[in-house]
Every structure is written in C-alpha cells, then in structure tokens.
Amino acid sequence: MRDERILRLAVSRMTCGGCAARVERALQGVQGVTDVSVNLAAETAQIRIDAPARAADVMAALEAAGYPAAPVEETPPQETAARKEDEARGMARKAALAAILALPVFLLEMGGHVLPGFHAWIGHGIGQGTSWLIQFVLTTAVLAGPGRGFYTAGVPALLKGAPDMNSLVALGTAAAYLYSCAALFAPALLPEAARAVYFEAAAVIVVLILLGRWMEARAKGRTGAAIRRLLGLQSRTARVLVAGEAKDMPIEEIRPGAVLLVRPGERIAVDGEITEGRARIDESMITGEPLPVLKAEGDPVTGGTVNGAGSFQFRATRVGADTVLAQIIRMVEEAQGAKLPVQGMVDRITLWFVPAVMALAALTVFSWLLLGPAPVLPHALVAGVSVLIIACPCAMGLATPTSIMVGTGRAAEMGVLFRKGDALQQSARLSVVALDKTGTVTEGRPELTDMVMAEGFERADILALVAAAEARSEHPVAEAITRAARAEGVAAAEVEGFETITGQGVRARVAGRDVLIGTDRLMAREGTETGALSKTAKRLAGQGRTAFFVAVNGRIAALLAVADPVKPTSAAAIRALKDLGLEVAMITGDARETAEAIARETGIDHVVAGVLPGGKVEALEKLRGRGLVAFVGDGINDAPALAHADVGIAIGTGTDVAIESADVVLMSGDLRGVVNAVDLSRRTMRNIRQNLFWAFGYNVALIPVAAGALYFAFGLMLSPMLAAGAMALSSVFVLGNALRLNGLRPAMDERAAPRAPAAPLVQPAE
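Reading guide: rules and limits
Residues numbered from 1 in each chain as written. Predicted model: local features only at pLDDT ≥ 70, side-chain atom pairs only at ≥ 80, totals over all residues. Heavy atoms only, no water. UniProt positions renumbered as here; feature names shortened; annotations may be inferred. Helix = DSSP H or I, 4+ residues; strand = E, 2+ residues; numbered from the N terminus. Buried < 20%, exposed > 50% of the residue type's maximum accessible area, 1.4 Å probe, protein only. Contact = heavy atoms within 4.5 Å. Areas by Shrake-Rupley, 256 points an atom, 1.4 Å probe, with all protein chains shown as cover. Pairing = 2+ DSSP bridges. Phe/Tyr/Trp six-rings, centres within 6.5 Å; stacked < 30°, edge-to-face > 60°. Expected span 1.5 Å × (residues − 1). Axes fitted to C-alpha atoms, helices over the stretch in contact; angles between N-to-C directions. Parallel < 35°, antiparallel > 145°, perpendicular 65-115°, else oblique. Left-handed = near helix turned anticlockwise from the far one by under 90°. Polar contact = N/O pair within 3.5 Å; in protein donor to acceptor, adjacent residues only side chain to side chain.

An unreviewed UniProt entry lists the protein under the name Heavy metal translocating P-type ATPase, with Roseovarius aquimarinus as the source organism. Database annotation for the protein, UniProt heading Sequence similarities (unreviewed entry): "Belongs to the cation transport ATPase (P-type) (TC 3.A.3) family. Type IB subfamily."

See below:
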C-alpha cells in the first residue's frame, strides 16, 4: 500500500477555467502526484502525492507554468480573506481610474448617439483630428495603467502556447487600439471608407472587465465565509489553572492534561472533560442543536462551544489540530477543494476553449473580409474583437467550485460535514437510505419503559428493591433499572445476599425480603404464578421490549419492561426522507421481533435483522438493485457497511472508526441531519446545473451574435463594449447564484418552520 499525503496549495494568477485546467495538467505531470483537484473559486489546488514526492517539486512545476503557489498552511483563511479584500479594493481603484479616463473617450466618440449634433459641434470646435488625439492619449493611459495587467499576464501566456482570459482581452483591446492608431497616424494604410477609430471600445472594454473582476473578487471572498465563521469560534486565549491560580494563556501553549477554568458566558477553548462544576453549554455552533446541554463532572466538552450561566473546570484532552473544531474546519476545507465528477467534463472543455475561441475569431475576421459588405475592414474588426471578448470561460470555470464551496460551507453550519468529494453529488441521487438501529434510530442504551404493578404493591417500594438487587449486576438491563431509580429519587435498600441465575434472572435478599427477578420460565420454575401480567408481558414483547417479572417473598409483585427507546426525532426524520422520495430500510443485528417493532413505530419500509457486520454489506448489495444506497450508522460494527455504501453517513456521536469510514459526518446524533444532508446536496447540485446551463448557454447563444450572425437578417452587430459587459455579467451571475445557497435553511430545524424539501434529481427505482 502506498504511503500518500495531501498537499493543499494556494495558487496565484488563476483567472479563468482554462487557467485551472492548465494548473491541473501541470500538476499531473509531476512525478509522485497521484490525484489533483483545482478550485478556481478558492484559488487552491488539492494534491495527493506519494511520500517520496517533494512539495518543492510540485510548486516548482506550477511556477514554471506561470502560476506561483504556496502551502495553504502558510496562508491561513484569515490572511487569505484579508488578501482577497485587498485584491477587491485594488480592483475597485483600477476600475474607478479606468472609468475616469475612459469617460471622455466614450463621450467624444459616442456622444452623438445621445445628443443630436454633438459630433458636428466637436468637428467645428476642436476638430475630429484633435478629438481622436485626445482619445488616443486617454486610451493609452487606460491600457498602460489600469489595463496593463491584461498584457503582462496575457501576452506571456500566449507566447507559451497556453492562452487564457487575459490573452483574449489583450488581443481584443490591442486589435481595436492598433487599428485606431493606424487610422489616426497612418490613414493612408486604410481605405477611406475604413478610416475610423475604436479607442472607446478598447477603453470601455477594460473598464467593464475590471468592474466585473471587482464584483467577482468580492463574491469570491464571500464564498469562504463559512470557513471564516468556523475559525471565529476558536478562542485566542484561555484561563489555565497553574499551581491553583488562574492564568491567561495563548491557546497555542495549552497542552493535554492542563486544567482550565471557564466562567459564565465564555467560549470553551479546547476539547476536554469536566472535573469540577456543572453548566448548560450551547453546542449549536458545532451540532446545530438549539437547546443548551447540561454538563456535569465527567462529561465531555467541545472547543468552540459557549458556556451558559454556570462555572466549571475541565481537563484538556485534545488541543490544536486534534480538537473537534479543527477537524471540522479541515474536513470543510477538503470538501470545498474537492472536484465533483461533473467538473471533469467542464475542465476538458475549458482547457481547449480559449484556443478554440481565438481560432473562431480569426475565422470570423477572414469570413467578413471575404464575404462581408463595405466597409469590410471595420466590420471584420468589430466582429473579431467581439468574439474574443465575449467568449471568456470564466463563468464555466466558476460554475461548479463556487457552488461546492458555498454549499459545503452552509452544510457545515448545519452540522453536516461532507468529507469526500463525490459524496455531495452522490447524495443528491440517492434512492435508498439504510439505517443501523442501535444508536442511530434508537438512543443506543436500554431504558425502563414500563412498570405494571400487581395488586397490593407500591411502585416506589418495588423499584427500590429491584434497583438494589440489580446494582450488583453488570447486565445492561440492570443499568437501565438503576438509572430509572436514581431519576425517580428512590433510595437504595440494603442487599444481604445476591445470586445470578444464568440466562434467566437474579435472586437477592433485600431489606429482609426475598426478591426474585427474571423471565416467566424462572417464575414457573420457582412456582410463582404470574397471573394476568402474562398477557401484558406478551403484548410488550410484541412491541420489541424485554419484559421480566418481579416476585417478593414468593408472590408476583410487578412486571417490568426495558427497551432501547426510539430517538424522539427519528419518526419525523424518516417521514421527511420519504417525502424526499427515498425508500428507508433498517439493517440490524438485533432480533427480528425487536427490529420490526421499531420499524412499525417509525415507519421504516424494509427490515433486515439478525445480521453480522458482513451481513450488512450483503444487505446493501441487495438494496443496490433499487438505486444508489446510503448507509447511516455509528458503531465499530458499522464501519464495513459505511465504507461499502454509495454514501456512508456517520452519526457524529459515534465511534472514530465509523466516522473515518464515512463520506458524510453528522455532528449531532440525530437523523434530521440525514434529511438536511440529502436536501442540501440536491439544492447544491441544482445550483450547479443552473450555473452550467447559464455558462454554456451564454457562450452558445452569444458567440454567433458576436460573430455577426444577426447582421444579414436585422443589420445588427454586437458592439465590443456590450460584449465586455455581457462577459463580466456572466461571471457575476454565476457567483451570485452560488451565493444564494448561503440563505438555505435546514429542511428540519426546531428553530424554524419546516419548508418543502428539494425534489429528487432521479426518481427512485420501483
């Protein structure tokens, strides 16, 4: 087995989908790189490399390709956000300067379209030659100043044979500028009918594209908002007890074993276990649960959560990168950097898109020169420049990664973590959700559910006797009885003797009375009549509960029933899954009677009971005939099924083994998280499809218009300025559409009224 690791790099100078595709191709050519995922929206690359491979070689390959990179660890999200804000402000300054310089150019050349007689007034006033000269000076300032970046980046890329968006803009504006310079300074080179200037096109194109990039930079900064909000949950300092005195200490200096003091209203700094005191802790930032959770001595606490009114001390168990919050942030970053299968098609198209556009622009110019009406040359120039400008693949490159970033970030805020790249896409196409029973549908520990008294006996008295006897036992049923007694405030009685009767029950001498606890077989063996309680016992057993009798001094006293109760939200969550068009199954190692009783109570469609961990995998294989299958579990014995399912969903309150085997992790121990995961994945995939439809549809529709397809029918040609505006708006539209995902509410949330869940992408198989 190969020893591999993940390298995450922040990549500079990526401006379009073609850039992202070239970065990916450059990385794939490095020896030792086994997998690559480039995210244009996040401006990152996630690379899986063999242990012998060096990060320096990977970064050197990107430098050679023209895209400098640095490890993400060296540019944490706070710094990245600040850098993007600086970039947005810088782009705004460039756009403003370009607009100030371009406005007189636009008015001098296009003012006649707004004010009749304007051109005549200019001709009689400063003269056409002077007007063109002023336009030349101002346009030169625009291209050499705010627009210089298009040339410094685009021309080298073009010379390397890897043209990008900057190359398209550089070619288009340079063509308009140089043609205009020829008309101004060497008019003899052009036919008289073709002597016109297009300085305004070159200047305004730069203004509009810089404006679009400014809006794009602002939107890109917002796509990483979820990570920054998660980072905001991390404390910077904590109050640590040193030699009995509280001392403020930077979070980086805290080590496992340190004892920390938490005062009312403070945020908990690291993960740990309470050693003294009790408090109600708001864990909604981590789990999505709205109600504070009561914590006492021995209970775990999670870094990033907020203490309520109480004060307590706790011992640090996990610090730094090992805390739950740090792991959540790492999972979200990996999910946001992941590539969905649908992105592969987009990358293949964008890699060749820019060269294809350049060839199409050349063909457009040639066609106009050959077949176009007079004046041929200006028509050919306008059409060629419009094709170059309008066909930028930015929108295509941003369509998928922006939606992934925003969708997975919003999911994390709901307590749903997509750990693996294709889990988001697969979750949207599920047909069946298979659930483990214990700890997933049910609470995961037995509780006393029923206590039916025989005539002449008191509940509190009998519960005290039974709890005292069962306190000597290690059976899970015994724990349920003792917990119930503590909850009801029943005082423990004195036990004088105790005997276990294997497979049937226990016998004890409690407070001077003989107490027998066990099955109906034990009662029959001891000659104790169970009477009318026998029918009740059969009914409870049919409901999946474990029933047993209590006899005191040889006389039947009570019937008790113990069961692993269904979680309060399970039935509602299962109904919601069905509303999403999913079939719900349960796969468990428990007895069929118990499993079917739980299924009836919760509305589960299909039950597979009495199976070992390997049997769960076989059951999933059978369910696959109905479509894609998700498995939801929490235990070590669920790990094989979680790994084998199309989508493995781990309950976050479960074992580390289960979580590591899963594709999706629910931070709360609640099936509502499954509903939210499926619903959000469908909405995110719908958002991606909308973006791709817009991006591809925009190019398919407008490239022919830019080339002059409407001229012969309607006499219309697309101005290069309008082409630049349309191109800028296409990227902004895609980013704005993706950012709508930030407003999604959970499909199931106690704090808000339920909304209609997203419809399935693919109807489940019959």
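Now that the structure is up, let's keep going.
Enquirer: Teacher, can you tell me more about the overall build of the protein here?
Expert: The helix and strand inventory of the protein stands at 28 helices and 26 strands. Counting across all 766 residues of the protein, residues that qualify as buried make up 54%. For the protein, contacts bridging at least 24 residues in sequence account for 69% of all contacts bridging at least 6. Counting every atom, the protein has about 33,100 Å² of accessible surface; 58% of that belongs to carbon and sulfur.

Enquirer: I keep staring at the pairing of strand β25 (residues 647-651) and nothing clicks. Help me out?
Expert: Each regular strand displays side chains that alternate between the two surfaces of the sheet. Taking burial as the measure, the five residues of β25 include five buried ones, the bulk of the element. Going residue by residue along β25, you find V647, I649 and I651 tucked away on one face and G648 and A650 tucked away on the opposite face as well. In this structure, strand β24 (residues 628-633) lies alongside β25, joined through four bridges in parallel fashion. Opposite G633, over in β25, you have A650 as the bridge partner. Two elements, β25 and strand β26 (residues 664-666), share three bridges in a ladder whose sense is parallel. Considered in β26, the bridge of I651 is made with L666.

Enquirer: How should I be thinking about the UniProt feature "transmembrane region" (unreviewed entry) in the protein in this particular structure?
Expert: Look at the UniProt record and you will see "transmembrane region" (unreviewed entry) annotated at residues 95-115, 121-144, 165-190, 196-214, 349-371, 377-400, 692-714 and 720-739. The annotated region residues 692-714 carries 87% helix and 0% strand content, and the separation between its end C-alpha atoms amounts to 30 Å.

Enquirer: Teacher, can you tell me more about the packing of aromatic side chains here?
Expert: By convention here, two paired aromatic rings are described through the distance between centres and the angle between planes. Taken as a whole and judged by the stated rule, the model has nine aromatic pairs. Taking the centre distance of 6.1 Å and the plane angle of 45° together, the rings of F312 and F314 count as tilted. Each member of the pair, F312 as well as F314, carries the same accessibility label: buried. Three or more aromatic residues joined by ring pairs make a cluster, and in this case those are F136, Y177, F185 and F199.

Enquirer: Sorry, what's going on with helix α28 (residues 720-739) here?
Expert: One full turn of an α-helix is made of 3.6 residues, so residues set three or four places apart face in the same direction. In a regular helix each residue adds 1.5 Å, so 20 residues correspond to 28 Å; α28 covers 29 Å between its end C-alpha atoms and thus fits that length. When you tally the buried positions in α28, you get 15 out of 20 residues, the bulk of the element.

Enquirer: What's the story with the packing of helix α21 (residues 570-579) against helix α26 (residues 672-707) in this structure? I'm lost.
Expert: Helix-helix packing: each pair is described by the crossing angle between the helix axes and the interaxial distance. It is the contact of α21 with α26, at a shortest axis distance of 8 Å, that shows an interaxial angle of 20°. Taken as axis vectors, α21 and α26 run roughly parallel relative to one another. Once α21 is placed against α26, the crossing between them reads as left-handed. Note on element contacts: α26 touches α21 through R672, V674 and V675, opposite A573, A576 and L577.

Enquirer: Whenever I open this one, unusual backbone geometry confuses me. Can you help?
Expert: Leaving glycine out, the prevailing phi sign among residues is negative, and the prevailing peptide bond configuration is trans. The omega torsion across A374 and P375 is -10°, close enough to zero to call that bond cis. One non-glycine residue, R13, lies in the positive phi region at around 70°. The phi dihedral of N553 falls on the positive side, at around 55°, and the residue is not glycine. With respect to the helices and strands, the residue N553 is situated in the loop between β20 (546-552) and β21 (555-563).

Enquirer: What is the right way to read the sheet that holds strand β1 (residues 4-11) from this model?
Expert: Strand-to-strand pairing in sheets goes through backbone hydrogen bonds, with the strands running parallel or antiparallel. Spatial strand order, β2-β3-β1-β4: four strands in an open sheet with antiparallel pairing. On the outer flanks of this sheet lie β2 (33-39) and β4 (69-71), each paired with one strand and no other. On average, each strand axis in the sheet is inclined to that of its neighbour by 30°, with strand direction left out of account. Two strands pair when backbone bridges link them, and β2 and strand β3 (residues 44-50) are joined in this way by six bridges, in the antiparallel orientation. The partner of S37 across the bridge, within β3, is Q46. Sitting on the sheet, helix α1 (residues 17-28) is in contact with β1, β2 and β3, with an inclination near 165° to β2.

Enquirer: Just to check I follow, could you spell out the side chain of D670 for this structure?
Expert: Looking at where D670 falls in the secondary structure, it is placed in the loop between β26 and α26. On the accessibility criterion, D670 (7% relative accessible area) is buried. For D670, the side chain forms a polar contact with the side chain of R672, separated by 2.7 Å.

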